[in-house]
Amino acid sequence: MNVLGSASDPIAAVESLMLVHFRTVPFHNLPMLYGEHLRSILPGGTCSEMTLSFIETARAAGVDIALHSGFIRGRETHRLARIHLDGRVFFGDVGNGWPALKIYPA
């Protein structure tokens, strides 16, 4: 399914994918607290897991998207999505633990 090929507004199409992801894939750190066995049972996770699962979904929908590392307090500790649309670069922060449902221009 290529949502971008049929979308008149590619930004709205990506943000729609972000909303579905937010509603269906929970942010949590439960495997860190209760053990790795939860990863196979419970979807979602921290920023890395959340972003990687969103990238997989977005690629399947035809989005030009890649993993991007963000720095917090000078340390490379946050993962987000780098999205290329119509010659522009945006960031999608799907794994931040609160609803950021819009993409941000670079």
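Everything discussed here concerns the structure shown above.
Residues numbered from 1 in each chain as written. Predicted model: local features only at pLDDT ≥ 70, side-chain atom pairs only at ≥ 80, totals over all residues. Heavy atoms only, no water.

### Describing the pairing of strand β3 (residues 88–92)
The criterion, for reference: Only strands that DSSP links by at least two bridges are regarded as paired with each other. Each helix is a run of H or I in the DSSP string that is no shorter than four residues. Each strand is a run of E no shorter than two, and both are numbered from the N terminus.
In terms of strand pairing, strand β2 (residues 75–85) meets β3 through five bridges, oriented antiparallel. Along β3, the bridge assignment pairs A81 with G92. Counting the residues in the hairpin turn of β2 and β3 gives two residues, including D86, whose phi is positive at 50°. Inspection of the sheet shows β3 paired to strand β4 (residues 104–105) by two bridges, in the antiparallel sense. The residue of β4 that forms the bridge with F91 is Y104.

### Description of the pattern of salt bridges
Formally: A pair is scored as a salt bridge if a Lys or Arg side-chain nitrogen falls within 4 Å of a carboxyl oxygen belonging to Asp or Glu. Relative accessibility thresholds used throughout: buried, under 20% of the residue-type maximum; exposed, over 50%; partly exposed, between the two (1.4 Å probe, protein chains only).
According to the stated counting rule, one finds one salt bridge in the structure shown. The salt bridge partner of E15 is K102, with a shortest N-O separation of 3.6 Å. Here K102 lies in the loop between β3 and β4 and E15 lies in helix α2 (residues 10–24), a separation of 87 residues in the sequence. The class for K102 is exposed, based on a relative accessible area of 52%.

### What about the pairing of strand β1 (residues 64–72)?
In terms of strand pairing, β1 meets β2 through nine bridges, oriented antiparallel. Considered in β2, the bridge of L67 is made with A81. The hairpin turn running from β1 into β2, its antiparallel successor, is two residues long, and R73 in that turn takes a positive phi close to 55°.

### Here's the deal with the side chain of D93
As a reminder, the rule being used: Charged-residue counts in this description rest on Lys and Arg as positive and Asp and Glu as negative, His and the chain ends being excluded. We call two N or O atoms a polar contact when they sit within 3.5 Å, provided that within protein one can donate a hydrogen and the other can accept it, with sequence-adjacent residues counted only if both atoms are side-chain atoms. The contact definition used throughout considers only heavy atoms, calling two residues in contact when any of these lie within 4.5 Å.
Turning to its location among the elements, D93 is positioned in the loop between β3 and β4. Within the buried set, D93 has no salt-bridge partner at all; the shortest N-O distance to an opposite charge, 10 Å, is to R79. There is a polar contact of 2.7 Å between the side chain of D93 and the side chain of H78. With residues near it in sequence (within four places) discarded, D93 still touches M18, H78, R79, L80, A100 and Y104.

### Thoughts on helix α4 (residues 47–60)
Basically, it comes down to this: The span one expects for a helix is its residue count, reduced by one, times 1.5 Å. Arc, as used here, means the arc of the directions from the helix axis to the C-beta atoms.
The end-to-end C-alpha separation of α4 is 20 Å, in line with the 20 Å expected for 14 residues at 1.5 Å each. Of the positions making up α4, those classed as buried are C47, M50, T51, F54, I55 and A58. Along the axis of α4, the buried positions cluster into a sector of 130°, meaning they face one direction only. Structural note: α4 exposes E56, R59 and A60 on the side pointing more than 90 degrees away from its buried face. Taken together, the buried residues of α4 touch α2, β1 and β2. Downstream of α4 by one or two residues, G62 has phi in the positive range, about 90°.

### What about the side chain of H21?
If you trace the backbone, H21 turns up in helix α2. Setting aside its immediate chain neighbours within four residues, H21 contacts M50, S53, F54 and V94.

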